[in-house]
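Here is how the chains run, residue by residue.
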Amino acid sequence: MTKTNTSTTNTDLSGINILVTGASSGIGLAMAEGLLRAGATVGLASKPGVKLDNQVKRLKSSGLDVYGLPLDVRSETSIADLVEWVQRTWEKLDVLVNNAGIGMGTVNKRFLIEPQPFFQVTPEGFRNLIDTNLTGYFLVARGFTPLMIRQGHGKIINITMNQETMRGTGFIPYGPAGSGAESLSYIMAEDLRPYGITVNMLLPGGATDTGMIPEDLRGQIKSPLLRPRVMVEPIVFLASSKSDGLTAERINALEFSKWLSKYDN
């Protein structure tokens, strides 16, 4: 089927309610700000604290319709509280962006220059990252899906990673969490297809300049780091009506223009 008018230039997201998890910094913040500047109402769902408060204050000062929403993606109670808030305050949720996660630095601070084999990873470190980066996606999507089913529409966008990272030396458990999130996404897309709810994946396309890369190791990275804003154009597209009906797609933000030209044809 031929798609038309898929350019994201001047896309207006007015009236669209969007929740972005892990949105107080890095990729999550860049996506949230891009969506806000396109006119959406956006909830920055993240661990409460000064970092979240400061970003919400900054965005509000620009006249953007932003909300700071405390969320622990590992807690069913925290998620249920947020679902209740969304139902009471917004009445609907059009787009859920699953982005919250922790990095390899929580397991091995020198992972980029001294990769650690899987048998040296502690069970606690493995569980901690999987519980956040994979189980967290499942729990948040599970929490909001009933609302989307009742309202008869919804879009879920799961942020993922390069397949090279999933296979790279020293990337356990970060790689398996990403691989699991992709499998989860494909299955979610099929489960939700009968309800008119779409599920897609978006990844930056390379190492990105976020807090997940320790400052003292950035000089060890041979290729230039991507800026988080690489995610803005594709996330705005995925949140807009231009992506209606699109599901089970895996989109590389770095190659978005090329992908979009094929989608348009």
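This section reports on the structure supplied with the text. (Residues numbered from 1 in each chain as written. Predicted model: local features only at pLDDT ≥ 70, side-chain atom pairs only at ≥ 80, totals over all residues. Heavy atoms only, no water.)

Section: the sheet that holds strand β5 (residues 154–159)
Reasoning step 1: With parallel pairing, the seven strands of this open sheet are ordered in space as β3-β2-β1-β4-β5-β6-β7. The sheet is open, and its two edges are formed by β3 (66–70) and β7 (250–252), each paired on a single side. This sheet shows a mean twist of 20° between the axes of neighbouring strands, independent of strand direction.
Reasoning step 2: Relative to β5, strand β4 (residues 95–98) runs parallel, the two being bridged by four bridges. Residue pairing for β5: Asn-98 is matched across the bridge by Asn-158.
Reasoning step 3: Together, β1 (17–21), β2 (41–46) and β3 form the strand contacts of helix α3 (residues 76–89), whose direction differs from that of β3 by roughly 150°. (Pairing = 2+ DSSP bridges. Helix = DSSP H or I, 4+ residues; strand = E, 2+ residues; numbered from the N terminus. Axes fitted to C-alpha atoms, helices over the stretch in contact; angles between N-to-C directions. Contact = heavy atoms within 4.5 Å.)

Remarks on the pairing of β3
The side chains of a regular strand alternate between both faces of the sheet.
Reasoning step 1: As paired strands, β2 and β3 are joined by five bridges and run parallel to one another. Directly across from Gly-43, in β3, lies its bridge partner Tyr-67.

A short note on the nonpolar core
Reasoning step 1: Ranked by internal contacts, the top residues of the largest apolar core, which has 67 residues, are Ile-18, Leu-35, Leu-44, Phe-144 and Leu-202.
Reasoning step 2: If you tally residues by element for this core, the top one is helix α5 (residues 135–151), at seven residues.
Reasoning step 3: With residues near it in sequence (within four places) discarded, Leu-44 still touches Val-20, Ala-23, Leu-29, Ala-32, Leu-52, Gln-55, Val-56, Leu-59, Val-66, Tyr-67, Gly-68 and Leu-69.
Reasoning step 4: Counting residues in hydrophobic clusters, the runner-up holds 12 residues, among them Phe-111, Met-166, Tyr-174 and Ala-177. (Core = buried A, V, L, I, M, F, W, Y, C linked by side-chain atoms within 4.5 Å. Buried < 20%, exposed > 50% of the residue type's maximum accessible area, 1.4 Å probe, protein only.)

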